[in-house]
Number of protein chains: 2
Amino acid sequence: MDAPAPDQPVRVEVGLGDRAYDILIGSGLVARAGAEIASRMPGIRAAIVTDENVAATHLEAFSASLESAGIPATAVTLPAGERTKSFEHLQQVVDAVLDARLERRDVVVALGGGVVGDLTGFAAGIVRRGMRFVQVPTSLLAQVDSSVGGKTGINTSQGKNLVGLFHQPGLVLADTDVLDTLPLREFRAGYAEIAKYGLIDRPDFFSWLEANWRDVFSGGAARTRAIAESCRSKAEIVARDEFETGDRALLNLGHTFGHALESAVAYDGTRLVHGEGVAIGMVLAHRFSARLNQCSPDDARRVEAHLKAVGLPTSMAEIPGALPDADRLLAYIAQDKKVSRGALTFILTHGVGQSYIARDVPASEVLSFLRENHPG
Amino acid sequence: MDAPAPDQPVRVEVGLGDRAYDILIGSGLVARAGAEIASRMPGIRAAIVTDENVAATHLEAFSASLESAGIPATAVTLPAGERTKSFEHLQQVVDAVLDARLERRDVVVALGGGVVGDLTGFAAGIVRRGMRFVQVPTSLLAQVDSSVGGKTGINTSQGKNLVGLFHQPGLVLADTDVLDTLPLREFRAGYAEIAKYGLIDRPDFFSWLEANWRDVFSGGAARTRAIAESCRSKAEIVARDEFETGDRALLNLGHTFGHALESAVAYDGTRLVHGEGVAIGMVLAHRFSARLNQCSPDDARRVEAHLKAVGLPTSMAEIPGALPDADRLLAYIAQDKKVSRGALTFILTHGVGQSYIARDVPASEVLSFLRENHPG
Ligand SMILES: NC(=O)c1ccc[n+]([C@@H]2O[C@H](COP(=O)([O-])OP(=O)(O)OC[C@H]3O[C@@H](n4cnc5c(N)ncnc54)[C@H](O)[C@@H]3O)[C@@H](O)[C@H]2O)c1
Ligand SMILES: NC(=O)c1ccc[n+]([C@@H]2O[C@H](COP(=O)([O-])OP(=O)(O)OC[C@H]3O[C@@H](n4cnc5c(N)ncnc54)[C@H](O)[C@@H]3O)[C@@H](O)[C@H]2O)c1
Ligand SMILES: [Zn+2]
Ligand SMILES: [Zn+2]
């Protein structure tokens, strides 16, 4: 008997006019990737960019899928980890794509997590002033967040993601099966971003997650549903504000604090991964909102309880090793990109699912808050 | 008595919808730069990027102009020359802009020739995913060509301008006086691009140049007129096809051969500067068109005669030093970005002012033509 055909994937459209594209979410999509790409972009060649971990687990199947669809492809495998989002590796990917003599209509494919996606999208955006780009996100974080919306970038000594561009993919293929090889810690980190959509403006989704998070972790329909709901949520915000001149900043809920913490540990993934920083950051954002009398302390406690239940860190004290002091953390925040004319911009909240952009948060308030919450 | 007020500059608008911007062309614009920028972008700070030659001649006046308009600015001075369009210097400019803590609405200013403009525009396009950008072109080539249209980029070992993006400036200030410090050789090189607009689709302009080129070289009204006509010509083509998916390729007249020659001398500006490559390339493009029975040999001779009259090189034999053989030149052409699915794309012509895009030029024809015209 034949194996059962994979379920039809869920389709989420990112509505960006002539740059609109599909996100397909479901089981078996790596095996079908070649066919999905070839049907949308006939006659192309491809360069696959991936990292060592993903190469070990999924590159062979992915390459085979392209080959059987008649797409000639070369692959570049980069070291895994946040430090790969550097000028050095950007140049390496650019060189590889040029050496493969790909033309503007050929495609650069990111097969990996957010690191591979951000770096590859940036490279695709600048080779020949913009090549086609396909995202095949393999981490939960990448499936629900970084692969959607066209933000690409690298880190520099001055901070995270300060250099990059907007370059939309032509297609996103989120295979929910590949998440089974993802370390649990990374799965949890991605879950933080799922929870974020609930906290931004979907209180019912947050309640659903509180009740069903175990099924999201174990896989199947609840996982696909959570990923699709997250993509829909992000796609909606991105369609409203592609270039982050307004509402898109809501997606930074938890990220101002989170990025400062990532800087504080020098992007050392053994101490803190992005989603963990976001989890702590979201708890801090709710507490900070409570301190500013914007939401009730109960909301902050509810958020903390849920993130703790799934196993995410919720306080700075849980980060192993010493942290820089509060003044230094504030300096990291001030260098972050959400600074406008000296005043600090934060995403605050009036309660679960009621986040908003606050543009004039006094640095002194942030500093006393950081001091109170600092473990040192 | 007060000094006479500078003449009103000529204004050319680049019509790109919500990214439309002005090019101002005329005398005294460096001195007025601060006022022109401040009136359009109130309250900003600036980073000025320039090169050693331009820093020595014009940076002081330019900085003073910004200062007197209340625009705080820092300056980065790069080595002069084509090799500065590299990943290394891109990173240097990016670092300088980030270290100056400029925000997204602040402005990065390119004060220099096409090298500074292309590199700086690229950096401005990727810092914080796109900062404001002002071009103050100081070479003739930059005033009539590279500062208009938003193409930015750098060179890599694989070829010229293969990496970059489209990032439109918010304002272009072309001060015709600064050209007086430009070496004559560079002025001539820029003139090649002026002649190009005539050759593409303005036969009357080409005839006017044949009659008036001496006045363009000596300055005054004829110079301003030639620069403005060139900007208008380029702006029109760019407005029709911002992202070079069609007509914009016409601007590559002479450039396919020209870039191959630049590669052949490894961008050694002592042997060949860009505009000289374009001059030789335009003569070759006309001869090649004649060989393919697309235009009369008389047209090719007329183009050659005019470019020779102004002192530009018109044949490969005039490039000092040995050139790689014809096969190698063809390889440079094939790696150039105007290659699509193996067939070579060339800009050919039916006569002066009648250029067109030919998408299926057989490589074998190019090779025999190169052999015939090769000096070795
Ligand atoms: N562009 C955006 O809009 C956006 C949004 C959010 C986050 N980000 C960026 O995303 C990055 C974080 O993404 P991430 O968490 O995916 O990091 P990541 O890419 O480093 O992946 C996390 C780890 O999981 C491994 N991995 C990925 N998929 C796997 C699989 N299927 N099986 C086994 N191992 C696998 C990776 O090798 C890595 O070690 C950060 O750089 C962040 O700035 C970007
Ligand atoms: N972006 C585009 O659309 C476009 C179009 C055409 C050419 N280009 C690029 O432009 C570059 C060539 O531009 P370029 O010819 O201006 O080269 P350039 O910037 O190297 O300038 C030529 C020389 O003149 C010097 N110089 C410039 N202004 C001066 C002044 N006022 N006084 C004294 N010296 C001065 C420079 O220091 C340099 O030595 C190439 O890299 C080419 O690829 C880009
Ligand atoms: Zn995030
Ligand atoms: Zn040119």
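Remember, it's a predicted structure, so these values are computed and weren't measured experimentally.

### Description of the site of ligand 1
Residue and element names in this part refer to chain A.
1) Next: Around ligand 1, 26 residues are found, and the nearest of them are Asp-51, Gly-114, Thr-138, Ser-139 and Thr-181.
2) Next: Here an oxygen atom of ligand 1 sits 3.0 Å away from a polar atom, N or O, in the main chain of Val-115.
3) Next: Contributions of two or more residues to the shell around ligand 1 are made by helix H2 (52-68), helix H4 (114-126), helix H5 (140-146) and strand S8 (159-163).
4) Next: Classifying every residue of the shell around ligand 1 by side-chain character gives seven nonpolar, ten polar and nine charged.

### Some remarks on the relation of the copies chain B and chain A
1) Next: Here chain B sits on chain A after a turn of 180° about the axis and a move of 0.0 Å along it, with an RMSD of 0.0 Å. Between the two chains, the operation in question is that of a two-fold axis. Looking at the rotation axis and the C-alpha trace of chain B, the residue lying nearest is Phe-87 of chain B, at 4.2 Å.

### Structural notes on the pairing of strand S2 (residues 21-26) of chain B
Residue and element names in this part refer to chain B.
1) Next: Most of S2 is tucked away: six of the six residues are buried.
2) Next: The alternating pattern of S2 places Tyr-21, Ile-23 and Ile-25 on one face and Asp-22, Leu-24 and Gly-26 on the opposite face, and all of these are buried.
3) Next: Pairing geometry for strand S1 (residues 10-14) and S2, over five bridges, is antiparallel. When the sheet's bridge partners are listed, Val-12 is paired in S2 with Ile-23.
4) Next: If you look at the hairpin formed by S1 and S2, you'll find six residues sitting between the two strands, and Gly-17 has a positive phi there, around 55°.

### A few points about the site of ligand 2
Residue and element names in this part refer to chain B.
1) Next: The full set close to ligand 2 counts 26 residues, and Asp-51, Gly-114, Thr-138, Ser-139 and Thr-181 are the nearest of them.
2) Next: Between ligand 2 and Asp-51 there is a distance of 2.6 Å, counted from an oxygen atom to a side-chain nitrogen or oxygen.
3) Next: At a separation of 2.9 Å, a nitrogen atom of ligand 2 approaches a polar side-chain atom of Asp-118.
4) Next: Burial of ligand 2 by the protein amounts to 91% of the accessible area it has alone, namely 850 Å².
5) Next: Within the residue set of the shell around ligand 2, elements represented by two or more residues are helix H2 (52-68), helix H4 (114-126), helix H5 (140-146) and strand S8 (159-163).
6) Next: Here the residues of the shell around ligand 2 sort into seven nonpolar, ten polar and nine charged.

### A few points about the pairing of strand S5 (residues 107-112) of chain A
Residue and element names in this part refer to chain A.
1) Next: Among the six residues in S5, six count as buried, and that is most of the element.
2) Next: The alternating pattern of S5 places Val-107, Val-109 and Leu-111 on one face and Val-108, Ala-110 and Gly-112 on the opposite face, and all of these are buried.
3) Next: Direction of pairing for strand S3 (residues 46-51) relative to S5: parallel, over a ladder of five bridges. Bridged to Ala-46 within S5 is Val-107.
4) Next: Relative to strand S6 (residues 132-137), S5 runs parallel, the two sharing six bridges. For Ala-110, the partnering residue across the bridge sits in S6 and is Gln-135.

Rules behind the numbers
Residues numbered from 1 in each chain as written. Chains lettered and ligands numbered in written order. Predicted model: local features only at pLDDT ≥ 70, side-chain atom pairs only at ≥ 80, totals over all residues. Heavy atoms only, no water. Near = heavy atom within 4 Å. Polar contact = N/O pair within 3.5 Å; in protein donor to acceptor, adjacent residues only side chain to side chain. Helix = DSSP H or I, 4+ residues; strand = E, 2+ residues; numbered from the N terminus. Nonpolar A, V, L, I, M, F, W, Y, C, P; charged D, E, K, R; others polar. Least-squares fit on C-alpha atoms with pLDDT ≥ 70 in both. Buried < 20%, exposed > 50% of the residue type's maximum accessible area, 1.4 Å probe, protein only. Pairing = 2+ DSSP bridges. Areas by Shrake-Rupley, 256 points an atom, 1.4 Å probe, with all protein chains shown as cover.

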